Structures are given as structure tokens and as C-alpha cells.
Amino acid sequence: MSPIVSPRGRYLVFGAPRLPEEAIEAVTEVLRSGWLGTGPRVAAFEEAFAQYIGAPFAVAVSSCTAALHLALSLIGVGPGDEVITSPMTFAATANVIVHMGARPVFADVDPRTGNLDPEAVQDAITPRTRAIIVVHYTGRPCEMDAFIDLAQRHGIFLIEDAAHALEAFYKGRKVGTLGDLAAFSFYPTKSLTTGEGGMLVTSVEAWAERARVLRMHGLSRDAWRRYSEEQFPDYEVLEAGYKYNMTDIQAALGLAQLPYLEGWRRHRELLWQIYNEGLRDLAGIHIPHEDVHIVHARHLYTIRVDPREAPFHRNELIRILHQAGIGTGIHYKALHLHRFYQQAFGYRPGMFPHAERISEETLSLPLTAHMEESDVLYVIDTLRQLWRRGKV
Ligand SMILES: Cc1ncc(COP(=O)(O)O)c(C=O)c1O
């Protein structure tokens, strides 16, 4: 089939961020301020973020991966422990379990939502289980009542990987306040971005204090306090920490976006509904499931392309859409299908059939607040044209 050339002459980049002018100005101001490291902007961002989430403490770090790693360090996960998580996530969620010397234990997901299935998690709990990391996949909160109950009954920790779910609520409660610790991502494709960055959120003050030490090599004083006029530059190494701090450049960028989040979420909600209406009748395309007891963050718009009914295989569609100037994503190839997890932990195809099916059929279409309705209509038109023509 001949390639479809985008009539619009520009590529629809997957995950392109929307940055307000004042965010760019705030960064420029930091660049001119004489202090680029971790300092007053980071403190201000943490305070505003904690308020936004409605959590007592927020600790800014260099990525969501760092936040997840710190979360496991704070609860003392180590060799011999097991941590249960979803195979339907980015590698970071499980890699940090491996970094702690523990075993990542996958459990299957709900086929409608891609979120961890509480019954499958219950079946995976053993005396060695120390924690569950739930992943609010695509921005849809997990069934947290069931996970809170499981964690309490078994005396294990509950960590939220909220990388997709900054704006989400579960039964009126804000995502990020439902577990013991939560990790957020400010990676470039996320709805709030600091280029790279993340936030660890908790209601336990001692954990927040230790996380601030651990993110900065384990030093008793951070660099701002060591170098600013306030303090004599003395410090001690309290433990072997990490280099996981956020800079004031990143924090300024993040802080300026916070007031926009809800408006941007509503804009994505509108685009989401346009996608739903435009695609729901195409053979073999399954639009996302809707729940009424949650506010979905609308981070990833994922369709499933059923190879038994659709005229195109998902992978073929990715290639054709690319030629039409449309960037797409796959979220995700299930983690137990990756070579490392098979070789290191003995995972095999067939172990988590729901995750595998999503893994083979899922396709993420572009969705960010940067996009206009016409962008979504273009994607829909392109798909409808393809479906009309069918395979040639
Ligand atoms: C579900 C999930 N968890 C963790 C991460 C890691 O985030 P970061 O890139 O900020 O470390 C990502 C990144 O995309 C993610 O999607």
C-alpha cells in the first residue's frame, strides 16, 4: 500500500508537552539567579506539590524511578524479600525491586483496565512479600480499597506508582494519598514535565526526612544549605545515599505548570471523548473501558486492535500511522516477556494471559494538552480511511 502523506505537513509527536510562557520565564530567571542546584525553587515546588496532592510531605527527586527506588529503601526491602507488581508497566517499576536485591513478583491484570487484579495479587502473596507496587495504568486508579485491605491484612506496604496518574482520584480520594508512599514522574511525555524529574509523596515525616538525606548522597546538609549565606559549610555522611536530587531549573519549570493541570486534564478529557466517538464503531478496535467511581487522569489513550477482527495488525498500524505523520506508542510489552526477566527470574510466556493480550494488541494514540481537536480528528480520519480501504 502506498504511504499516506500527512496533508498537514507536520508530524504529530507522541507526548509533546504544553509549556506556558511563564514556565519558560521561570527557568530563565533561575538561569540568571546564580544558583542552579537544589535550592529555594525545589523547596517551593515540594510545598506546592504536597498541597496539590493533599499529602503532608513531598520530596523532589531526579525521576520517578529514583522515587520508587527511595520508597523501597525507606521500607527496608532487601535480599530474600518479594515485591508484587504489575507486568503492565514500564521497566523502572520492576527494575528498582531488582536493585534492592529483592524478587519482582508479577501478578496478572484486569483485562478491561490493564490494572493489577486484586485477586491475582492475593494469590501471589507469600510470607516473603514485603510490599505491593500498584501502577495506575494509563492514568486510571487501581481498585485501591481492595489493595489497602490486602496490605493491612497481610502487614505489607503499599506503594503507588502514580507516574501516569497525577490528576486522578479514586472514590473522591486523591491518587498519591492512598498507599504508604507514592511516586510521580515528570518525564517529557507526562502531563507536568521538568524534562526529567519525579516526586516522592508520603504522610510519614521520618520517611520524608530520610528521603531528603538519601537523595543527596546521604549528606546531613544539602548543597543549598552548605553554600548559601545561612550556614557554615559543614556536613556529615549519614549513610551511603544516591545522587537523586532535583535542580532549581527543573523545579521552576514544574512549579509554573501546577496551576494549569486541571484545565489541561479537562482539555484531554474532551479529546478523549472525540477519540471515543470517532473510533467506537471500527471493527476490531476496542476503545478504553469507562468507570464511574474514579477520575481518570487521561494520560494515555490506548485502544486495543484485535487481530481477529481488525483489517490491520497493531504493529502494521504503527508503521502506517507513522507514514501518515502520527506518532504512537506501545504501553507496554509485558515485563515478563522481556529477556532479562525471563533469564533472571524464570518468567515465561503464558504466565499472565491478560497482560500478554494487552501487550500484543495495545496501541497508544497521541494525547496531550498540546494537541487541538483538529489533531484528533486527523488521527480518526486516517484510521477510518484505512478501515474503509481495508487490506490491499
Ligand atoms: C508507569 C511508570 N512507572 C515509572 C516510570 C519511570 O518514570 P521516570 O522516567 O520519571 O523515571 C514511568 C516512565 O515513563 C512509567 O510510565
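Residues numbered from 1 in each chain as written. Predicted model: local features only at pLDDT ≥ 70, side-chain atom pairs only at ≥ 80, totals over all residues. Heavy atoms only, no water.

Peer 1: What should I look at first to understand the packing of aromatic side chains in this one?
Peer 2: We describe a pair of aromatic rings using the distance from one ring centre to the other and the angle between the two ring planes. Summed over the entire model, instances satisfying the criterion amount to 20 aromatic pairs. Relative to Tyr332, the ring of Tyr137 lies with its centre 6.4 Å away and its plane at 50°, an arrangement referred to as tilted. Linking Tyr137 in the loop between strand E4 (129–135) and helix H6 (144–154) with Tyr332 in the loop between helix H11 (314–323) and helix H12 (339–345), this pair joins segments that are 195 residues apart in sequence. Each member of the pair, Tyr137 together with Tyr332, is buried. Where Trp272 meets Tyr301, the ring centres are 4.9 Å apart and the plane angle is 85°; that geometry is what we call edge-to-face. Taken as a pair, Trp272 in helix H10 (residues 261–279) and Tyr301 in strand E12 (residues 301–305) lie far apart in primary sequence, 29 residues in all. (Phe/Tyr/Trp six-rings, centres within 6.5 Å; stacked < 30°, edge-to-face > 60°. Helix = DSSP H or I, 4+ residues; strand = E, 2+ residues; numbered from the N terminus. Buried < 20%, exposed > 50% of the residue type's maximum accessible area, 1.4 Å probe, protein only.)

Peer 1: Before we go on, may I ask you to explain the pattern of salt bridges in this structure?
Peer 2: Two side chains carrying opposite charge are able to pair once their charged atoms lie near each other. Evaluated as defined, the whole model comprises 24 salt bridges. Ionic pairing is found between Asp281 and Arg384, a salt bridge with its closest N-O pair at 2.8 Å. Placement of Asp281 in the loop between H10 and strand E10 (285–286) and of Arg384 in helix H14 (residues 373–389) is noted, with a sequence separation of 103 residues between them. Here Asp281 falls in the exposed class, since its relative accessible area comes to 51%. Judged by its relative accessible area of 24%, Arg384 is partly exposed. Overlapping salt bridges, with partners in common, bring together Glu262, Arg265, Arg266, Glu269, Glu290 and Arg298 in one network. (Salt bridge = Lys/Arg side-chain N within 4 Å of Asp/Glu carboxyl O.)

Peer 1: Looking at this structure, how should I read helix H4 (residues 91–99)?
Peer 2: Since the α-helix advances by 3.6 residues per turn, residues separated by three or four positions end up pointing in the same direction. Along H4, the residues classified as buried are Ala92, Thr93, Ala94, Val96 and Ile97. The elements touched by buried residues of H4 are helix H3 (64–74), strand E2 (82–85), strand E3 (103–106), E4, strand E5 (157–161) and H12. Once H4 finishes, Gly101 follows within two positions and takes phi at roughly 80°, a positive value. (Contact = heavy atoms within 4.5 Å.)

Peer 1: Would you take a moment to explain the sheet that holds E12 for this structure?
Peer 2: Sheet strands pair via backbone hydrogen bonds, and the direction of the pair is either parallel or antiparallel. The three strands are arranged E10-E12-E13 in an open sheet whose pairing can be described as antiparallel. Here the strands that pair on one side only, and so sit at the sheet edges, are E10 and strand E13 (362–365). Note that E12 and E13 share four bridges and pair antiparallel. Within the sheet, the bridge partner assigned to Ile303 lies in E13 and is Leu363. The sheet contacts of H10 involve E10, E12 and E13, and relative to E12 the element is tilted by about 20°. (Pairing = 2+ DSSP bridges. Axes fitted to C-alpha atoms, helices over the stretch in contact; angles between N-to-C directions.)

Peer 1: What's the story with the domain arrangement of the protein chain in this structure? I'm lost.
Peer 2: Quite often, the size of an interface is put as the accessible area lost when its parts meet. Considered domain by domain, the protein chain is made up of domain 1 (21–259) and domain 2 (261–389). Each of domain 1 and domain 2 was reduced to a C-alpha centroid, and the two centroids are 26 Å apart. Contacts between domain 1 and domain 2 engage 44 residues on the former and 33 residues on the latter. The junction of domain 1 with domain 2 conceals about 3,300 Å² of combined surface from both sides, 62% of it contributed by carbon and sulfur atoms. The largest share of the area that domain 1 buries against domain 2 comes from Phe106, Arg140 and Glu167, three residues that together contribute 19% of it. Here domain 1 is connected to domain 2 by two salt bridges. On inspection of domain 1 and its partner domain 2, the count reaches 21 residue pairs in polar contact (both at pLDDT 80 or more). (Domains from an automatic or database assignment. Buried area = accessible area lost by both parts, 1.4 Å probe. Polar contact = N/O pair within 3.5 Å; in protein donor to acceptor, adjacent residues only side chain to side chain.)

Peer 1: Would you explain the packing of H11 against H14 in this entry?
Peer 2: A pair of packed helices is characterised by two quantities: the angle between their axes and the separation of those axes. It is at 11 Å that the axes of H11 and H14 come closest, and there the two elements cross at 125°. As the angle between them shows, H11 and H14 are arranged oblique. Judged by the twist between their axes, the crossing of H11 over H14 is right-handed. Contact residues: Leu317, Ile320 and Leu321 in H11; Thr382, Leu383, Leu386 and Trp387 in H14. Across the contact of H11 with H14, the residue classes tally to six nonpolar, one polar and no charged. (Parallel < 35°, antiparallel > 145°, perpendicular 65-115°, else oblique. Left-handed = near helix turned anticlockwise from the far one by under 90°. Nonpolar A, V, L, I, M, F, W, Y, C, P; charged D, E, K, R; others polar.)

Peer 1: Mind showing me how you'd approach the site of the ligand here?
Peer 2: Among the 16 residues in the neighbourhood of the ligand, the closest are listed as Thr65, Asp161, Ser185, Lys190 and Tyr332. Between the ligand and His164 there is a distance of 2.9 Å, counted from an oxygen atom to a side-chain nitrogen or oxygen. Ser185 is positioned with one of its side-chain polar atoms (N or O) 2.7 Å from an oxygen atom of the ligand. Notes on the ligand: free accessible area 390 Å², of which the protein chains cover 93%. Listed by contribution, the elements that provide at least two residues to the shell around the ligand are H3 and H4. (Near = heavy atom within 4 Å. Areas by Shrake-Rupley, 256 points an atom, 1.4 Å probe, with all protein chains shown as cover.)

Peer 1: I keep staring at the side chain of Thr129 and nothing clicks. Help me out?
Peer 2: Position of Thr129 among the secondary structure elements: in strand E4. Judged by its relative accessible area of 5%, Thr129 falls in the buried class. Side-chain polar atoms of Thr129 contact the backbone nitrogen of Thr126, separated by 2.8 Å. The contact partners of Thr129, leaving out residues within four places of it in the chain, are Glu82, Ile84, Ala124 and Ile156.

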